[in-house]
Amino acid sequence: MLKKLIVILFTLLFLSCNNLSISNPIESSLSDERVTTSVDSENEVVGIGSAKISSSGTLVANGKASREAKDRLKSRILAEEDIIFKSFLVPADPYTKKILSPALSDLMDYTATQLVQRAVEKDSWSENNKVYIVYSMSKSEILSESQNIFIQYIDDITSKFQLIKEGVNQSQ
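Residues numbered from 1 in each chain as written. Predicted model: local features only at pLDDT ≥ 70, side-chain atom pairs only at ≥ 80, totals over all residues. Heavy atoms only, no water.

### Some details on the packing of aromatic side chains
Here the structure, examined in full by the defined rule, presents four aromatic pairs. Aromatic side chains Phe85 and Phe150 sit 5.9 Å apart centroid to centroid with 75 degrees between the ring planes, which places their arrangement in the edge-to-face category. Here the residue Phe85 occupies a position in helix α3 (residues 58-88), and Phe150 occupies one in helix α5 (residues 139-170), the gap between them amounting to 65 residues. Phe150 carries the same exposure label as Phe85, and that label is buried. Seen in terms of ring centroids, Trp125 and Tyr132 are 5.1 Å apart; in terms of plane orientation they differ by 15 degrees. Their pairing is stacked. There is no split in this pair, since Trp125 and Tyr132 are both buried. (Phe/Tyr/Trp six-rings, centres within 6.5 Å; stacked < 30°, edge-to-face > 60°. Helix = DSSP H or I, 4+ residues; strand = E, 2+ residues; numbered from the N terminus. Buried < 20%, exposed > 50% of the residue type's maximum accessible area, 1.4 Å probe, protein only.)

Right under this line is the structure:
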């Protein structure tokens with residue numbers, strides 16, 4: 001029994017170590033330097049993607065790098081939105097928070113998806129047989145879109161509650 005456990009642990013450790021990717025520190029510093037010159041990190045959220053240029057060519061690598069950059073940008077937008085949407089609920093009473101909280105993740109995902117579609121490609125380059133792409137989104141645009149979508153949701157839910165209330169009043 002103990003031998004089986006040791007073999008399983010060793011196998012898991014071996015497999016997880018094989019999946020680790022160690023980045024080249026020189027390559028990372030060059031990429032970081034390039035990004036800092038093209039993006040205003042104070043006012044923008046950034047997603048960086050890279051892909052190896054394989055036998056398929058630069059076009060395919062650009063597509064992969066672009067998709068990775070947009071995925072990373074979306075996760076960073078979601079992190080920003082988490083703070084924003086939770087701040088909208090600060091003045092709310094516990095009952096209202098209980099009603100609205102389950103919808104927040106869907107609202108955030110919807111907002112982030114909308115924003116990623118409008119993301120701006122800030123930079124792209126090839127280096128060491130890899131393609132790099134940088135997308136960014138303004139933090140003020142994230143706030144503005146989050147406010148708009150939250151307000152639309154509140155208006156929608158309010159009108160639905162109003163219809164329910166009118167239906168109850170008519171049945172009396």
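The rest of the description comes next.
### A short note on the layout of surface pockets
Here the second largest pocket is characterised by a volume of approximately 150 Å³. Counting residues per element, the lining of the second largest pocket draws most heavily on α5, at four residues. Taken together, the residues of the lining of the second largest pocket break down into five nonpolar, two polar and no charged. (1 Å grid on protein atoms, 1.4 Å probe; cavity = no way out; pocket = protein on both sides within 12 Å on 5 of 7 lines; lining within 4 Å. Points joined across faces, edges and corners; volume = space filled by probe spheres on them. Nonpolar A, V, L, I, M, F, W, Y, C, P; charged D, E, K, R; others polar.)

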